[in-house]
Amino acid sequence: MDQAQLINDLAKGPVVVTFTKKDGSERIMPCTINEQIIAIKNPGGSSDYSHYGDTLTVFDLEINQWRSFRISSVKTAVTI
């Protein structure tokens, strides 16, 4: 997975990311780091986006909470 492209896509809008969790299970998560979308879904909330090494923190659009995943565990990332 191209790290820079993934971050760029997430900044533009929603992306459905499929990745392998630490426990080995697969997770499909619609998410973003686009501040305008996050402000609508989480009014008054903080912006917890971070990128540290292989770990990326994003806003999960299904549960309206911040979640993180390892970029190296990403199987697919589809812009929606």
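Residues numbered from 1 in each chain as written. Predicted model: local features only at pLDDT ≥ 70, side-chain atom pairs only at ≥ 80, totals over all residues. Heavy atoms only, no water.

Caption draft 1: The packing of aromatic side chains, seen in detail. Inspection of the entire model under this criterion finds 2 aromatic pairs. Consider the rings of Phe 19 and Phe 69, whose centres lie 5.1 Å apart with planes at 25°: the pair is stacked. One end of the pair, Phe 19, is in strand E1 (residues 15-20); the other, Phe 69, is in strand E5 (residues 65-70), and 50 residues separate them in sequence. Here Phe 19 matches Phe 69 in class, with each residue buried. Plain terms: the ring middles of Phe 59 and Trp 66 are 5.3 Å apart, the flat faces sit at 75° to each other, and that makes the pair edge-to-face. Note on accessibility: Phe 59 and Trp 66 belong to one class, buried. (Phe/Tyr/Trp six-rings, centres within 6.5 Å; stacked < 30°, edge-to-face > 60°. Helix = DSSP H or I, 4+ residues; strand = E, 2+ residues; numbered from the N terminus. Buried < 20%, exposed > 50% of the residue type's maximum accessible area, 1.4 Å probe, protein only.)

Caption draft 2: Looking closely at the pattern of salt bridges. Here the structure, examined in full by the defined rule, presents 2 salt bridges. The salt bridge involving Glu 26 is made with Lys 75; its shortest N-O contact spans 2.9 Å. With a gap of 49 residues between them, Glu 26 in strand E2 (residues 26-32) and Lys 75 in strand E6 (residues 74-79) connect regions that are remote in the sequence. (Salt bridge = Lys/Arg side-chain N within 4 Å of Asp/Glu carboxyl O.)

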